[in-house]
Amino acid sequence: MKLYSYFRSSAGWRVRIVLALKGLDFDLIPVHLLRGGGEHLRAEYAKTNPQGLVPALEDDGAVFAQSLAIMEYLEETHPTPSLLPGDAQDRARIRAFCQAIACEIHPLNNLRVLKYLVRELGCDEDAKLAWYAHWIQEGFRPVEKLLEGSDGPYCFGAEPTLADACLVPQVFNAQRFNVDLSAFPKVQAVNAACLAHEAIAATVPALQPDAE
């Protein structure tokens, strides 16, 4: 397998966590999102992923895009350990949690959105950071409520699931931009439990081969 990604991409990090939890080996193909205007925007990379986004996963001659789709692909092709456990209702709750982060929070604070705020709309640094913090906190409020019912250290019990793979990178992003997370103790507790997990700890951006 080949993973096309960038060390600080939260979408790419989600996939790294799943690969690590399942003990799957892969070759990293770095795609720098800033260098030279963004390597993901070059025609060469478009041959791999026409969307011009990371991550992309190449496996057995096929290439897959979109982190949630990749995560579910890995779950289906390598079902042990299961990261989408339980019955249909349990799995729906995990999927909904993943989408609450990957579809509701992350897109509003993605790199291309932040660039647009500055370059096209003329937002200064303070306005950009205020935007970022607002959508993190708006998104984490329902996430905190969802986590209150957890009976284990992770999002949905005693073992990590796809939900944890989505939560950890989003908390990292919030901390990187100095967003106040004091109203979200459960989010912080689950994140701490995840980072204490050996496999997840090895996926943090600073430890990646392309880290700067």
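Caption draft 1: Quick look at the packing of helix H3 (residues 67–77) against helix H7 (residues 162–176). Across the interface, H3 lies against H7 with an axial gap of 11 Å and an inter-helix angle of 145°. Judged by the twist between their axes, the crossing of H3 over H7 is right-handed. Judged by residue contacts, Leu68, Met71 and Glu72 of H3 engage Leu162, Ala165 and Cys166 from H7. Split by residue class, the contact of H3 with H7 holds five nonpolar, no polar and one charged.

Caption draft 2: Fine view of the pattern of salt bridges. Per the counting criterion, the structure on display carries seven salt bridges. A salt bridge links Arg35 to Glu212; the nearest nitrogen and oxygen atoms lie 3.4 Å apart. Pair noted here: Arg35 is in the loop between strand E2 (27–30) and helix H2 (43–46) and Glu212 is in the segment after helix H9 (198–201), with a separation of 177 residues, a long-range link. Residue classification places Arg35 among the partly exposed residues on the basis of a relative accessible area of 46%. Classification of Glu212 as exposed rests on a relative accessible area of 62%.

Caption draft 3: Region of the structure containing the nonpolar core. Membership of the largest hydrophobic core comes to 47 residues, with the highest contact counts inside it found for Phe140 and Leu167. Mapped onto this core, the elements with two or more residues apiece are helix H1 (10–21), H3, helix H4 (88–105), helix H5 (111–119), helix H6 (125–147), H7, helix H8 (185–195) and H9. With eight residues, the single largest contributor to this core is H7. If near-sequence neighbours (up to four positions away) are discounted, Leu167 is found in contact with Phe97, Ile101, Phe140, Val143, Leu147, Cys155, Val187, Val190 and Asn191. Judged by nonpolar contacts, the second largest core, of eight residues, contains Tyr6, Phe7, Tyr45 and Val54.

Caption draft 4: Region of interest: H1. Relative to the 16 Å expected for twelve residues at 1.5 Å per residue, H1 spans 17 Å between its end C-alpha atoms, a close match to the ideal helical length. Among the twelve residues that make up H1, eleven are buried, leaving the element largely enclosed by the rest of the structure. Taken together, the buried positions of H1 are occupied by Ser10, Ala11, Gly12, Trp13, Arg14, Val15, Arg16, Ile17, Val18, Leu19 and Leu21. In this structure, the buried residues of H1 make contact with strand E1 (2–5), H3, H4, H7 and H9. With a side-chain oxygen lying 3.4 Å from the backbone nitrogen of Ala11, the N-terminal cap of H1 falls on Ser9. Phi turns positive, to about 65°, at Gly23, one or two residues after H1.

Caption draft 5: Focus on the packing of H1 against H7. At their nearest, the axes of H1 and H7 sit 8 Å apart, and the two run at 140° to each other. When the axis of H1 is compared with that of H7, the two are oblique. Judged by the sense of rotation from one axis to the other, the crossing of H1 with H7 is right-handed. Side by side, H1 and H7 meet where Ser10, Trp13, Arg14, Ile17 and Val18 of the first sit next to Leu162, Ala165, Cys166, Val168, Pro169, Phe172 and Asn173 of the second. For the contact of H1 with H7, the per-class residue count stands at nine nonpolar, two polar and one charged.

Caption draft 6: Main features of the environment of Trp135. Considering the arrangement of structural elements, one finds Trp135 in helix H6. Linking Trp135 and Val190, residues 55 residues apart in sequence, is a C-alpha distance of 20 Å. Leaving out residues up to four positions away in the same chain, Trp135 has contacts with Ile105, Leu108 and Asn109.

Cut-off values and rules
Each chain has its residues counted from 1, running along the sequence as written. Since the coordinates come from a predicted model, pLDDT governs what is reported: local features require at least 70, and pairs of side-chain atoms require 80 or more to be given and counted, while whole-chain, interface and lining totals use all residues. Processing note: side-chain calculations cover all non-hydrogen atoms of the structure and skip hydrogens and water entirely. Angles shown run from 0 to 180 degrees and are taken between the N-to-C directions of axes, each axis being a line fitted to C-alpha atoms and, for helices, limited to the stretch in contact. Strands here mean DSSP runs of E at least two residues long; helices mean DSSP runs of H or I at least four residues long; both are numbered from the N terminus. Handedness of a crossing is defined here by the sense of rotation of the near helix relative to the far one, left-handed for an anticlockwise turn of less than a right angle and right-handed for a clockwise turn. Residue contacts are counted whenever heavy atoms from the two residues lie within 4.5 Å of one another. Side-chain classes are defined by residue name, with Ala, Val, Leu, Ile, Met, Phe, Trp, Tyr, Cys and Pro counting as nonpolar, Asp, Glu, Lys and Arg as charged, and the others, Gly among them, as polar. The salt bridge definition used is simple: a Lys or Arg side-chain nitrogen within 4 Å of an Asp or Glu carboxyl oxygen. Buried residues are those whose accessible area, probed at 1.4 Å on protein chains only, stays under 20% of the maximum for their type, while exposed residues exceed 50% and partly exposed ones sit between those limits. Nine residue types can take part in a nonpolar core, namely buried Ala, Val, Leu, Ile, Met, Phe, Trp, Tyr and Cys, and a core is a set of them joined through side-chain atoms within 4.5 Å. Multiply 1.5 Å by the residue count of a helix minus one, and that product is the helix's expected span. What qualifies as a polar contact is a pair of N or O atoms within 3.5 Å, subject to a donor-acceptor requirement within protein and to the restriction that residues adjacent in sequence count only when both atoms come from side chains. Roughly parallel means an angle under 35 degrees; roughly antiparallel, over 145; roughly perpendicular, 65 to 115; everything else is oblique.

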